[in-house]
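# Structural features, examined
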Amino acid sequence: MNTKASIRFPTLVFLIFFHLSLVSCRKKISHHGGNGFTLDLIHRDSPLSPFYNPSDTPSTCLRNAFHRSFSRASFFKKNSLATNYTIQSDISPIPGEYLMKISIGTPPVEILAIADTGSDLTWTQCKPCFDCFQQSAPLFNSNKSSTYKTVGCDAEECTSIGASSCLRGNICQYQMGYGDQSYTIGDLAFEKFTLPSTSGNNIDIPNIVFGCGHNNSGTFTNYTSGIIGLGGGEVSIINQLDKQIQGKFSYCLIPISLESSFSNASSHINFGSSATVLGPNVVSTPLIKKDPSTFYYLNLEGVSIGNKTLEFKSSKISHIDGEDQGNIIIDSGTTLTLLPNDFYLSLESTLVDVINATTKDDPSGTFGLCYESENGTIDAPMIVAHFTDADLELSPSSTFAQVEEGLVCLTIVSAEDVAIFGNLAQANFLIGYDLVANKVSFQPTDCTMY
């Protein structure tokens, strides 16, 4: 069988990583015991990351992240509209924003992989690797692990993957293709995962389903060995750890303008009881379940600028099953917020009417609304996003960014047929996902102190 030809609809994995860089004096996140634990995330542009390039300016890093947003948006659009296909994880080989260290096997072997809330299947390159991309760390050798066990072809885990086959006895082979012709093919297996909690106590989780990739190729870098899937699908780590974390995880994103000041600190993602978002000023909105289940959908009702509210409706948004609920994807891996062009034009026009500054074209053509600025800021209004039951005040530091010297641009841009609430707009909120209660909670927080 031609394995490449057998790959179904090319599901693209967008490498998501939360924009979290923390100050050294931040409040220590503690291990809460019971079902809660916290892991480190390493921002791709931090000195702790193998991607770190000291010659890159903040503007360069911003531009690169912005371009990844548009690539990711096109993939979201493809996957959300392709309901007639078997849809698996949404993976893009474009380098993501955050990396996560975990260990797999017995004895444990550490791997550095891309943390991705837009992806379900966790996988790593394995020996023997017949056609693989270069990686700095040794390949995982399943023969040396006493807890490795392949998944059978008739197992529920195999059928839930969708794009699978049986070529070597009763071993489930997964096949996953990417939009740029990158791919990963390998054995679906059970293995023990060891999660290095910041409490100092490692968390051992047996029988996690993952992909042991023997044929992997494309535009992946040599610094990572695979993907850690944090999406909403059946085989994601979030759902596989359901007994331990009860469907809860959270993160807190710092404003991008402060990121370079805290680049030496690691970020964190909280699971289980550690991820519960409680206290004053918490607002919650329903988490809408739709196909594909990988993505996290919210319902945006409108956007306010000053005393003017724009109802969010667009002829460009395709509603699955004829429902109007769940019209925007919340994604920590997309830097910009993307809105359908017809609604975006109304938003831009309203902003132009209230901002007293000189407009200027973006030379790169990336942004629709930009202003001249000598100090990197403008007197911009507060933008309020009205989700169902939750109004979020988006500060000007999150909605306008200096993209190059003397140029400040709106970080909300137009897109076709897709709406994404990106990570810049999520800055300075502690954001908690509860997949059991089907809600996302937001608490205004100084994320540099969290």
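Keep in mind the model is a prediction, meaning the values are calculated, not measured.

This part is about the overall build of the protein. Helices and strands together make up the secondary structure of the protein, namely 8 helices and 28 strands. For the protein, the residues scored as buried account for 59% of the 450 residues in total. Carbon and sulfur atoms make up 47% of the accessible area of the protein, which totals about 18,000 Å².

Going through the model one piece at a time under the given rule, you end up with 5 disulfides. Disulfide pairing is shown between Cys-158 and Cys-172; the S-S distance is 2.2 Å. Looking along the S-S bond of the Cys-158-Cys-172 disulfide, the torsion reads about 85°, which is the right-handed sense. Placement of the pair is Cys-158 in helix α3 (residues 156-161) and Cys-172 in the loop between β7 (164-165) and β8 (173-177), with a sequence separation of 14 residues. According to the relative accessible area criterion, Cys-158 is buried, its value standing at 3%. Using a relative accessible area of 0% as the deciding quantity, one classes Cys-172 as buried.

Between its first and last C-alpha atoms helix α7 (residues 341-354) spans 20 Å; for 14 residues at 1.5 Å apiece the expected length is 20 Å, and the two agree. If you check which residues of α7 are buried, you get Phe-343, Tyr-344, Leu-347, Glu-348, Thr-350 and Leu-351. Here the buried residues of α7 occupy an arc of 165° about the axis, which is enough to place them on one side.

Pairing in this open sheet of 4 strands is antiparallel, and the strands run β17-β16-β21-β22 from one edge to the other. Each edge of the open sheet is held by one strand with a lone partner, namely β17 (308-311) and β22 (390-394). For this sheet, the mean angle separating the axes of adjacent strands, direction not counted, is 20°. As paired strands, strand β16 (residues 300-305) and strand β21 (residues 383-387) are joined by 5 bridges and run antiparallel to one another. Bridge assignment links Gly-302 to a residue of β21, and that residue is His-386.

This part covers the packing of aromatic side chains. Considering all chains together, one arrives at 12 aromatic pairs under this definition. Centroid distance Tyr-251 to Tyr-433: 5.7 Å. Interplanar angle 40°. Geometry classified as tilted. Taken together, the residues Tyr-251 in strand β12 (residues 248-252) and Tyr-433 in strand β27 (residues 429-434) connect sequence positions 182 residues apart. Accessibility assignment for this pair places Tyr-251 and Tyr-433 in one class, buried. Measuring from centroid to centroid gives 4.9 Å for Phe-312 and Phe-343, while their planes differ by 85°, and the two rings are edge-to-face. Here Phe-312 is found in the loop between β17 and β18 (328-330), whereas its partner Phe-343 is found in helix α7, with 31 residues between them in sequence. What makes Phe-343 buried here is its relative accessible area of 4%.

Further remarks concern the pairing of strand β10 (residues 203-217). Sheet topology places strand β4 (residues 123-127) next to β10; 3 bridges connect them, and they run parallel. Counterpart to Thr-124 in the pairing with β10 is Cys-212. Two strands pair when backbone bridges link them, and strand β9 (residues 183-195) and β10 are joined in this way by 12 bridges, in the antiparallel orientation. Bridge pairing in β10 links Thr-194 to Asp-204.

We now examine the confidence of the model for the protein. For the protein, per-residue confidence averages 77 on the pLDDT scale, and residues scoring 70 or more make up 71% of the total. Per-element mean pLDDT across the protein ranges from 32 in helix α1 (residues 3-6) up to 98 in strand β14 (residues 283-286). The low-confidence segment residues 81-96 (pLDDT under 50) makes 75 contacts with residues lying over four places distant or belonging to another chain.

Next up on the list: the sheet that holds strand β23 (residues 400-404). The antiparallel open sheet is built from 3 strands, whose spatial order is β20-β24-β23. The sheet is open, and its two edges are formed by β20 (370-372) and β23, each paired on a single side. Geometrically, the sheet is characterised by an average inter-axis angle of 35° between neighbouring strands, direction not taken into account. Pairing between β23 and strand β24 (residues 407-410): 4 bridges, direction antiparallel. Bridge pairing links Gln-402 to Val-408 in β24.

Conventions we followed
Residues numbered from 1 in each chain as written. Predicted model: local features only at pLDDT ≥ 70, side-chain atom pairs only at ≥ 80, totals over all residues. Heavy atoms only, no water. Helix = DSSP H or I, 4+ residues; strand = E, 2+ residues; numbered from the N terminus. Buried < 20%, exposed > 50% of the residue type's maximum accessible area, 1.4 Å probe, protein only. Areas by Shrake-Rupley, 256 points an atom, 1.4 Å probe, with all protein chains shown as cover. Disulfide = S-S within 2.5 Å. Expected span 1.5 Å × (residues − 1). Arc of directions from axis to C-beta. Pairing = 2+ DSSP bridges. Axes fitted to C-alpha atoms, helices over the stretch in contact; angles between N-to-C directions. Phe/Tyr/Trp six-rings, centres within 6.5 Å; stacked < 30°, edge-to-face > 60°. pLDDT = per-residue confidence, 0-100. Contact = heavy atoms within 4.5 Å.

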